[in-house]
Amino acid sequence: MSMPKPSSFIVFLAFLLVAGCVGARKLHGFNSKVFVFGDSYADTGNFPKAMGGSWTVPYGITHPGKPDGRFTDGLLLTDYLAKFLRLHSPLPSTRIDRAPNELRRGINFAVGGSGVFPTIPGLLNMTNQIDTFEQLLSNSTYTRNDVESATFLVTLAGNDYTAYIRNGGSMSNITDFIRSVINQLAKNLKRIQQLGARKIVVAGIQPLGCLPTQTISTGYTSCVETSNLPAQFHNLLLRQAVDELNNSTSSPSFLLLDFYQAFQTAITTRRDYQGNLRFTNPLAPCCIGIGSENNCGSVDANGTKLYTLCSDPSAHIFWDGVHPTQAGWRTVFTLVQANIAQFLGL
């Protein structure tokens, strides 16, 4: 097995060193609560149980040991952001009525499969999620100070593009659709800011051509670069939109996380959050359906598994066809947390 290029490894270690220093600092400022809007990269339990998915075995196998609504084997982006701020993960919005005493943690409105536009019938898109948040402000569940002192996370991992292709959209017109997605996302970000948010962390899109759903065509040996091009264009337009939003205020309110580079670094170096050469096959998923018609967690009428599961999820960056493992998320978050700390003044 070949070692990564020295320069890549040095850069990776530099990230870890800075991240370690950041973790030792005393937290202050924007760390009272976390509010989250987005999709399965941030959803901690809002996806409908009746639709299966993240509520089926073997999801949650690493933590908490059973399915709990997260699209991974354990913890994900929302959890690591909250841990970094020394907070509990925000309460999933579907549990507000059942756990009103936990509202102090903030709220996670993210729903797996959602986008800025309608993607799957019955799921709240980002506009709907913000509507729900605004209702909580209107009924004084949260004060202005709660909002101004909170950290906001916004994720968009690509469900709009999946829906676009599924509904007959052409790749020749994908750039026009990407523009419409970013325009709507920018409106959503502006609206969150107008509701009082002062610190909003925005996740760029990951390299779509490196997801197992794409790399299966190469035997999980290489990314499909043509599929990475839309992600690159998405991130370019998102960078321009975030810069424009920041330039419209006296103090920057938005931080764009370069998830594209973070995922690429993890894949290229094959090293985990501690710098260990851990990911022996960084493009292969831990859990995958048998045949194109099945997914991780699929079973037949008799309950027989229609998927294969690796023996050690921590040796994989990806859990299923599109979602990282807990180990993958921890590594990716480690690579961006220094930027978050600087943005929040930690």
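Everything in this summary refers to the structure shown in the same document. Keep in mind the model is a prediction, meaning the values are calculated, not measured.

Calculation rules
For every chain, the first residue of the written sequence is number 1, and numbering continues from 1 along that sequence. Side-chain atom pairs in this predicted model are given and counted only at pLDDT of 80 or more, local residue features only at pLDDT of at least 70, and totals for whole chains, interfaces and linings cover all residues. Think of the side-chain values as coming from all heavy atoms in the structure, minus any hydrogens and water. Here a cavity is any set of points on a 1 Å grid over the protein atoms alone where a 1.4 Å probe fits but cannot get out, and a pocket is any open set with protein on both sides within 12 Å along at least 5 of 7 lines; a residue lines the site when it has an atom within 4 Å of a point. Grid points are joined across faces, edges and corners, and a volume is the space filled by probe spheres set on the points. Three residue categories are used. Nonpolar comprises Ala, Val, Leu, Ile, Met, Phe, Trp, Tyr, Cys and Pro, charged comprises Asp, Glu, Lys and Arg, and polar comprises the others, including Gly. Accessible area is worked out with a 1.4 Å probe on protein chains only. A residue is then buried under 20% of its type maximum, exposed over 50%, and partly exposed in between. Helix and strand assignments come from DSSP, with helices taken as H or I runs of at least 4 residues and strands as E runs of at least 2, each series counted from the N terminus. Note on aromatic pairs: the rings of Phe, Tyr and Trp (six-membered ring only in Trp) are paired at centre separations within 6.5 Å, and the planes decide the class, stacked below 30 degrees, edge-to-face beyond 60, tilted for the rest. Working convention: axes come from line fits to C-alpha atoms, limited for helices to the stretch in contact. Angles between N-to-C directions cover 0 to 180 degrees. Orientation labels follow simple angle bins: below 35 degrees gives roughly parallel, above 145 gives roughly antiparallel, 65 to 115 gives roughly perpendicular, and whatever is left gives oblique. Left-handed is the label given to a crossing in which the near helix is rotated counterclockwise from the far helix by less than a right angle, and right-handed is the label when the rotation is clockwise. By the convention used here, residues are in contact when the closest approach between their heavy atoms is within 4.5 Å. Should DSSP find at least two bridges between two strands, the strands are taken to pair. Pairs of N or O atoms within 3.5 Å make up the polar contacts considered here, provided that, within protein, one atom can donate a hydrogen while the other can accept it, and that residues adjacent in sequence are counted only when both atoms are side-chain atoms.

**Points about empty space enclosed by the protein**
For the structure shown, the criterion picks out one cavity of 30 Å³ or more. Within this model, the largest cavity holds a volume of roughly 30 Å³. Lining the largest cavity we find Tyr41, Leu77, Thr155, Leu156, Ala157, Ala203, Gly204, Gln206 and Phe259. Looking at side-chain class alone, the lining of the largest cavity contains six nonpolar, three polar and no charged residues.

**So, helix H9 (residues 259-269)**
Counting buried positions over the eleven residues of H9 gives nine, a clear majority of the element. By the burial criterion, the buried members of H9 are Phe259, Tyr260, Ala262, Phe263, Gln264, Thr265, Ala266, Ile267 and Thr269. Where H9 ends, the next residue or the one after it, arginine 270, has phi of about 65°, a positive value.

**A word on the packing of aromatic side chains**
Evaluated as defined, the whole model comprises 20 aromatic pairs. Between phenylalanine 37 and phenylalanine 133 the ring centres are 5.7 Å apart and the planes differ by 75°, which places this aromatic pair in the edge-to-face class. Separated by 96 residues along the polypeptide, phenylalanine 37 in strand S1 (residues 34-37) and phenylalanine 133 in helix H3 (residues 126-138) bring together distant segments of the chain. Per residue, the accessibility class of phenylalanine 37 equals that of phenylalanine 133, and both read buried. Ring plane angle 75° and centroid distance 6.3 Å describe the contact between tyrosine 59 and phenylalanine 71, whose orientation is recorded as edge-to-face. Of this pair, tyrosine 59 sits in the loop between S1 and helix H2 (77-84) while phenylalanine 71 sits in the loop between S1 and H2, and the two are twelve residues apart along the sequence. Residue tyrosine 59 is classed as buried on the basis of its relative accessible area, which comes to 5%.

**Points about the packing of H9 against helix H10 (residues 326-344)**
H10 packs onto H9 with a crossing angle of 125° between their chain directions and a minimal axis gap of 9 Å. As judged from the angle between their axes, H9 and H10 are oblique. Here the hand of the crossing between H9 and H10 comes out right-handed. Packed against H9, whose contacting residues are Phe259, Ala262, Phe263, Thr265 and Ala266, the element H10 presents Trp329, Thr331, Val332, Leu335 and Val336 at the interface.

**Some remarks on the layout of surface pockets**
Empty space within the largest pocket amounts to approximately 1,300 Å³. If you trace the largest pocket, you find 45 residues lining it, with Asn159, Thr162, Thr213, Gly321 and Val322 closest to the centre. Of all elements in the fold, only helix H5 (159-166), helix H7 (212-215), helix H8 (225-247) and strand S7 (287-289) reach the threshold of two or more residues within the lining of the largest pocket. Class assignment for the residues of the lining of the largest pocket results in 22 nonpolar, 21 polar and two charged.

**As for the pairing of strand S4 (residues 151-154)**
In S4, alternate side chains face the same way, and those of Thr151 and Leu153 on one face and Phe152 and Val154 on the other are all buried. Summarising the sheet, S1 and S4 pair through four bridges and their orientation is parallel. Directly across from phenylalanine 37, in S4, lies its bridge partner valine 154. Examined bridge by bridge, S4 and strand S5 (residues 200-203) share three bridges and lie parallel to one another.

**Here's the deal with the side chain of threonine 155**
The topology assignment puts threonine 155 in the loop between S4 and H5. Given the relative accessible area of 3%, threonine 155 is considered buried. There is a polar contact of 3.2 Å between the side chain of threonine 155 and the side chain of aspartate 39. With sequence-adjacent residues up to four places away left out, threonine 155 is seen in contact with Phe37, Gly38, Asp39, Ala42, Leu77, Met126 and Ala203.

**Quick notes on the environment of leucine 123**
Considering the arrangement of structural elements, one finds leucine 123 in the loop between strand S3 (107-108) and H3. For leucine 123, a relative accessible area of 11% translates into the label buried. Considering only alpha carbons, one finds leucine 123 and phenylalanine 47, 76 residues apart in sequence, at a separation of 8.0 Å. Not counting chain neighbours up to four residues away, the residues in contact with leucine 123 comprise Phe47, Pro48, Met51, Val111, Gly112, Gly113, Ser114 and Asn128.

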